[in-house]
Amino acid sequence: MLEVRELAFAGNEEGVSHRFAQGSITVVLGRNNSGKTWLARSIAGLEVSPPGTIWIDGQDVSALGARERKVGLVYQAFVNYPTLNVYRNIASPLIAAKRSREVIERTVRELAERLQIDALLRRFPDELSGGQQQRVAIARALAQGGKVLVMDEPLVNLDYKLREELELQLRDLLSTGELVVVYTTSDPKDAFKLGDHVLLLDDHRLLQSGAPLDVYRNPATITTADLMSDPGVNVVDTDTGLRPEHITLHRRSASDLVFESVLVGLETNGSESFLHCRWSEQDWVVKLSGMVDIALGTGLQLFAHQADVLRFGGARGGD
Amino acid sequence: MIKGVSNNRAWLAVVPVVLVVAFSAVVPLMTVVNYSVQDIFDVDTRLFVGLDWYRETLRDPRFIDALLRQVTFSATVLVIEVPLGIWIARALPRDSRATSAFLILLAIPLLIPWNVVGTIWQIFARPDIGLLGVSVAALGISFNYTGSSVDAWITLILMDIWHWTSLVALLAFAGLASIPSPCYQAAMLDGASTWQVFRYVELPRLKSVLTIAVLLRVMDSLMIYTEPFVLTGGGPGNSTTFLSQYLTSMAVGQFDLGPAAAFSVLYFLLIVLLCWLFYTSVMRSEADG
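Topic: the packing of aromatic side chains
- One pass over the structure, following the stated rule, counts 16 aromatic pairs over all chains.
- Residues Phe73 of chain B and Trp153 of chain B carry aromatic rings whose centres are separated by 6.2 Å and whose planes lie at 70° to one another, so their mutual orientation is edge-to-face. One end of the pair, Phe73 of chain B, is in helix H4 (residues 61-91); the other, Trp153 of chain B, is in helix H8 (residues 149-177), with 80 residues separating them in the sequence. Taken individually, Phe73 of chain B and Trp153 of chain B each receive the classification buried, so the pair is uniform in this respect.
- In this structure an aromatic cluster arises from ring pairing among Phe63, Tyr246, Phe263 and Tyr267 of chain B.
- The ring centre of Tyr87 of chain A lies 5.6 Å from the NZ or CZ of Arg122 of chain A, which sits over that ring.
- In this structure, Arg243 of chain A packs its charged tip against the face of Tyr216 of chain A, placed 4.0 Å from the ring centre.

Okay, here's the thing in structure tokens:
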């Protein structure tokens, strides 16, 4: 189990505290510069003594250096040893720890099989695709034998198709029961796909945490609602909002709210359409399935269920 | 049949380049090749001698000695300067204000004219007034680079290290600076030792700059002329006479144009051959992984 207590970024009074459950994947969600990488590096021991403490298995590791913490770290860039083949890349932490030949052999084969790179053991990193290189990096991080694996936006550099494929597999690969996985991303979809928990960060502060669906349903503030929404949340007034996917063009029940708006922009990708509407000085986005053919400048009546309206200022979602 | 008239006019575009290369490289080189197969008495009296001068040069014990000295010198400075340069580059602070100060300090020896470098060391190592010479003498060691060939060699090698290690260090530093920090962090998390970080993280990514550094040092050290000329004048005896100096004494001192030309061609081929051997071996090992 991993726990951070009052981990504060330089200049921040309020620190981040969170308990990362064993055998779970926690997705740390935030925009650029929100502190995702800072949190990842702090857990791995790469930040120079931030205030606050970090506990692994009930032991305070804050004073330990990165070498002693046994936290695996996977980067956005594909980091491997270019002159070593895949086998030796994965084996490198074991060799450094002076494990016996049998243990190394067994661990490497096991990890390679789990990450589906067992056919590539004799190859060199530059002979692999980006996805395969990242699998090698993950296997190497796991080979350290630590109980914490931190992944800092590991799939950002992969092309779209490969990212989808690896994302689907990651959940199975990483749920071994004893591993604590911290996965940072700026894409709310990752939280739903991978996360048992989601941790929302902004300005190096913890905004809200909880199960992804709970946070989605009960966002504490407009910022958290916005972070968990793609495209962002439509503002009704200072403490109410509406998600783009909850707005329709036709009335579904008598109690529906009605908004008179004007269509100012239209995007579509075939399966989904995004209507940019102007309602009372606000720019709204409406997400509809399928293609939409409406001329710009048309007045639109937008409908939403009362129950779908997000009310902020409520209590924070539970863990 | 396709008419090629319009195509041929394109050759006009390359004429300037061909002319410049011809006058700057091909013509002088061919002149030397021409001299090397003739015995020249004066402008109108010359005799074709074939490869005689080449045979004579290769049998000349003074040429062989100069060649051996040359290879020993180049190998010695290379073996010292490359590891030392890498060591300095690794020891330099990165991303701090001191970095640029160190880089400027490092660059100073490279900015000094070569004959000035020779003069500096000529004075620096003098046993009567030079700082180095006097200091060594004060330790009770007899040191005289004009009298002892060992001392002359030590002085020359020290001078070359002082002069050229910076080049290797600067190139290696540039190479190190381009290594992304995650590579270092990942190695640290893996528990890699300092040696392993150097061997598996840094060295593979330094390979191309080091290839350039070694190539430059091989070429330059094989052509060394000015500094030993100023420092020792090739002495004592002939103990620091390298190929270029022997060649000059032959061509300019004794006006043996034929043998000197043959010597020049051999000298040129030697440098090309050594550089080619080095480069292909590096490239081959790259292909092997």
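Re the interface of chain B and chain A
- Each partner contributes to the interface: chain B provides 16 residues, whereas chain A provides 20 residues.
- Of the roughly 1700 Å² buried between chain B and chain A, counting both surfaces, carbon and sulfur atoms make up 57%.
- When the buried area of chain B at its contact with chain A is split by residue, Leu189, Asp190 and Tyr200 of chain B rank highest and sum to 42% of it.
- Applying the counting rule to chain B against chain A returns one salt bridge.
- Here Arg140 of chain A ties to Asp190 of chain B by a salt bridge, and the two come within 2.7 Å at their closest N and O atoms.
- Connecting chain B to chain A are nine residue pairs in polar contact (both at pLDDT 80 or more).
- Of all the secondary structure elements, the ones that give two or more residues to the side of chain B that touches chain A are helix H9 (181-189) and helix H10 (194-222) of chain B.
- When residues in the side of chain B that touches chain A are grouped by element, the largest group, seven residues, is from H9 of chain B.
- Taken together, the residues of the side of chain B that touches chain A break down into 10 nonpolar, three polar and three charged.

Describing the nonpolar core
- With 66 residues, the main nonpolar core has Leu2, Phe20, Leu39, Ile43, Val148 and Val150 of chain A together with Phe263 of chain B as its most contacted residues.
- Considering every element that reaches this core, the biggest residue donor is H10 of chain B, with 10 residues.
- Apart from the residues lying within four places of it in its own chain, the contact partners of Leu39 of chain A are Leu7, Val28, Leu199 and Leu201 of chain A.
- Core analysis: the second largest hydrophobic core is formed by 44 residues, Val86, Leu166, Leu170 and Tyr183 of chain A among them.

Section: a nonpolar patch on the surface
Residue and element names in this part refer to chain B.
- On the surface, Val17, Val21, Val26, Leu29, Met30, Phe268, Leu269 and Val272 cluster together to form a nonpolar patch covering roughly 680 Å² of accessible area.
- If you list the elements that add at least two residues to the nonpolar patch, you get helix H2 (11-36) and helix H13 (257-287).
- With five residues, H2 is the single largest residue contributor to the nonpolar patch.
- Tracing the backbone shows Leu29 in helix H2.

Re the confidence of the model for chain A
- Model confidence for chain A is summarised by a mean pLDDT of 85, while 98% of its residues fall at 70 or above.
- The low-confidence segment residues 315-319 of chain A (pLDDT under 50) makes 12 contacts with residues lying over four places distant or belonging to another chain.

Some details on the pairing of strand S17 (residues 299-304) of chain A
- Where strand S13 (residues 247-248) of chain A and S17 of chain A come together, two bridges link them in antiparallel fashion. Looking at S17 of chain A, one finds that Thr248 of chain A is bridged to Phe303 of chain A.

What to know about the environment of Ile90 of chain A
Residues and elements named next belong to chain A.
- Turning to its location among the elements, Ile90 is positioned in helix H3 (residues 86-96).
- Along the sequence, Ile90 and Leu120 sit 30 residues apart, while their C-alpha atoms lie 12 Å from each other.
- Among residues more than four places away in sequence, those in contact with Ile90 are Val108, Leu111, Ala112, Ile117, Leu121, Val136, Ala139, Arg140 and Ala143.

Examining the side chain of Thr241 of chain B
All names here are of chain B.
- Here Thr241 shows up in the loop between helix H11 (226-231) and helix H12 (243-253).
- The class of Thr241 is buried, set by a relative accessible area of 9%.
- Not counting chain neighbours up to four residues away, the residues in contact with Thr241 comprise Ala66, Arg69, Gly234 and Tyr246.

Some thoughts on the packing of H8 of chain B against H10 of chain B
Residues and elements named next belong to chain B.
- Two elements in contact, H8 and H10, have axes whose closest approach is 9 Å; the angle formed by their N-to-C orientations is 150°. Relative to H10, the element H8 is oriented roughly antiparallel. Between H8 and H10 the crossing geometry is right-handed. Contacts from Asp160, Trp164, Leu167, Val168, Leu171, Ala172, Gly175 and Leu176 of H8 reach H10 at Glu202, Leu206, Val209, Ala213, Leu216, Arg217 and Asp220.

Quick notes on the pattern of salt bridges
- Summed over all chains, the structure comprises 24 salt bridges over all chains.
- One salt bridge connects Asp226 of chain A with Arg31 of chain A, and the closest N-O pair in it is separated by 3.3 Å. In this pair, Asp226 of chain A is assigned in helix H9 (residues 222-227) and Arg31 of chain A in the loop between strand S3 (25-29) and helix H1 (36-44), connecting sequence segments 195 residues apart.
- On the basis of relative accessible area, Asp226 of chain A is assigned to the partly exposed category, the value being 25%.
- Note that Glu202 of chain B and Arg94 of chain B form a salt bridge whose closest N and O atoms lie 3.8 Å from each other. Highlighted residues: Glu202 of chain B in helix H10 and Arg94 of chain B in the loop between H4 and helix H5 (97-111), separated in sequence by 108 residues.

A look at the sheet that holds strand S11 (residues 234-237) of chain A
Residues and elements named next belong to chain A.
- Spatial ordering of the open sheet is given by S11-S12-S18, a layout of three strands whose pairing is antiparallel. Taken across any chain shown, the strands that pair with only one partner, and hence form the sheet edges, are S11 and strand S18 (310-311).
- Pairing analysis gives two bridges linking strand S12 (residues 240-242) to S18, with the strands arranged antiparallel. Each residue of the ladder has a partner; that of Thr240, found in S18, is Arg311.

Reading the values: rules and limits
- Residues numbered from 1 in each chain as written.
- Chains lettered and ligands numbered in written order.
- Predicted model: local features only at pLDDT ≥ 70, side-chain atom pairs only at ≥ 80, totals over all residues.
- Heavy atoms only, no water.
- Phe/Tyr/Trp six-rings, centres within 6.5 Å; stacked < 30°, edge-to-face > 60°.
- Helix = DSSP H or I, 4+ residues; strand = E, 2+ residues; numbered from the N terminus.
- Buried < 20%, exposed > 50% of the residue type's maximum accessible area, 1.4 Å probe, protein only.
- Lys NZ or Arg CZ within 6 Å of the ring centre and 35° of its normal.
- Contact = heavy atoms within 4.5 Å.
- Buried area = accessible area lost by both parts, 1.4 Å probe.
- Salt bridge = Lys/Arg side-chain N within 4 Å of Asp/Glu carboxyl O.
- Polar contact = N/O pair within 3.5 Å; in protein donor to acceptor, adjacent residues only side chain to side chain.
- Nonpolar A, V, L, I, M, F, W, Y, C, P; charged D, E, K, R; others polar.
- Core = buried A, V, L, I, M, F, W, Y, C linked by side-chain atoms within 4.5 Å.
- Patch = residues over 30% accessible without salt bridge, like charges linked within 9 Å, V, L, I, M, F, W, Y side chains within 5 Å.
- Areas by Shrake-Rupley, 256 points an atom, 1.4 Å probe, with all protein chains shown as cover.
- pLDDT = per-residue confidence, 0-100.
- Pairing = 2+ DSSP bridges.
- Axes fitted to C-alpha atoms, helices over the stretch in contact; angles between N-to-C directions.
- Parallel < 35°, antiparallel > 145°, perpendicular 65-115°, else oblique.
- Left-handed = near helix turned anticlockwise from the far one by under 90°.

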